[in-house]
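# Fold and contact review
Residues per chain are reported as follows:
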Amino acid sequence: MIIQRWFFVLTFFCTDYNWDIYRGGAGVIIWLNGTFGSGKTQTAEELHRRITHSYVFDPENAGFYIRDNIPPEMKAEDFQNHPLWREFTYSMLKYIDSEYDGTIIVPMTLVNSEYFKEIVGRLRSEGRRICHFTLSASPETLYSRLESRGEGRDSWASLQMERCLRGLEDKVFGDYVDTEHKSVPEVAEMILALLENKD
């Protein structure tokens, strides 16, 4: 069962973790992955609030720009299928990371392992530090979250659910952070603890 097999979840508990702000450091990129409805954007905003000297870079904006500025017959169903989007996302992150000494937070669903290697793998091969986390929850919770923001079972985001869950099973997308029954601040706390553990 594809939807049930996704459940390779890393749950992290840190009982003595009692500080509020991860101070980041030069050249740190935090990539928040996960299906639509996993809480990437809200978690990115919460991390931005907590991390001093941080910036949220959303590659989706580049995808919308490409989609809106090419002839209809050139448009791909998913803007990530445009090589230009992948090259732009890589180049922008490289540029910001080279010129900005804070923490870069990237909330973006990316479930194609080859695309992941083109962007994240390429940046890592250059020695850039990327901490990647996949936010996860049960399909029922994910659908419920989408419905709460007006995206029903027939919405584009909901229709991508099975494909995304299947793609995120690839081990390249670890670490997994379980967001089931957790608030956005709690998820942010878990990620901050994992970041501290990686230092």
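The coordinates are above.
Remember, predicted model here, so these are calculated numbers, not experimental data.

### Comments concerning the overall build of the protein
Summing up its helical and strand segments, the protein has nine helices and five strands in all. Listed N to C, the secondary structure of the protein is α-β-α-β-α-α-β-α-β-α-α-α-β-α in terms of helices and strands. Residues counted as buried form 48% of the 199 residues belonging to the protein. When contacts within the protein are restricted to residue pairs at least 6 apart in sequence, those whose partners lie at least 24 apart make up 80%. For the protein, the exposed area adds up to about 10,300 Å²; of that, 51% sits on carbon and sulfur atoms.

### Comments concerning the pairing of strand β3 (residues 103-107)
Counting buried residues along β3, five of its five residues qualify, which places the element largely inside the surrounding structure. What you see with β3 is no split at all: Thr103, Ile105 and Pro107 on one side and Ile104 and Val106 on the other are buried throughout. Summarising the sheet, strand β1 (residues 28-34) and β3 pair through five bridges and their orientation is parallel. If you follow Trp31 over to β3, its bridge partner there is Val106. Looking at chain direction, strand β2 (residues 54-56) and β3 are connected through three bridges and run parallel. What sits directly across from Tyr55, in β3, is Ile104.

### Some details on the side chain of His82
Along the chain, the position of His82 falls in the loop between α3 (60-68) and α4 (83-99). Not counting the four nearest positions on each side in its chain, His82 is found in contact with Ile66, Ile70, Met74, Lys75 and Ala76.

### Thoughts on the nonpolar core
Judged by nonpolar contacts, the single largest core of 34 residues is most densely connected at Trp31, Trp85, Leu93, Ile104, Val106, Leu110 and Ile119. Secondary-structure elements contributing two or more residues to this core are β1, α3, α4, β3, α5 (113-125), α6 (139-148) and α8 (161-167). Top contributing element to this core by residue count: α5, with five residues. Counting 18 residues, the second-largest nonpolar core is a separate cluster that includes Ile51, Ile105, Ile191 and Leu192.

Reading guide: rules and limits
Starting afresh in each chain, residues are numbered from 1 along the sequence in its written order. The model is predicted, so local features are restricted to residues of pLDDT at least 70 and side-chain atom pairs to those at 80 or more, both for listing and for counting; the totals for chains, interfaces and linings are taken over all residues. The side-chain figures draw on all heavy atoms in the structure; neither hydrogens nor water molecules are used. Strands here are runs of E lasting at least two residues and helices are runs of H or I lasting at least four, both read from the DSSP assignment and numbered beginning at the N terminus. When a residue's accessible area, from a 1.4 Å probe over protein chains only, is under 20% of the maximum for its type it is buried; when over 50% it is exposed; and in between it is partly exposed. Working rule for contacts: check all heavy atoms of both residues, and any pair within 4.5 Å makes them a contact. Accessible surface is estimated by sampling points in the Shrake-Rupley manner with a 1.4 Å probe; for residues, cover comes only from the protein chains shown. For two strands to count as paired, DSSP must find a minimum of two bridges between them. Only buried residues count toward a nonpolar core. Its members are Ala, Val, Leu, Ile, Met, Phe, Trp, Tyr and Cys residues joined through side-chain atoms within 4.5 Å.

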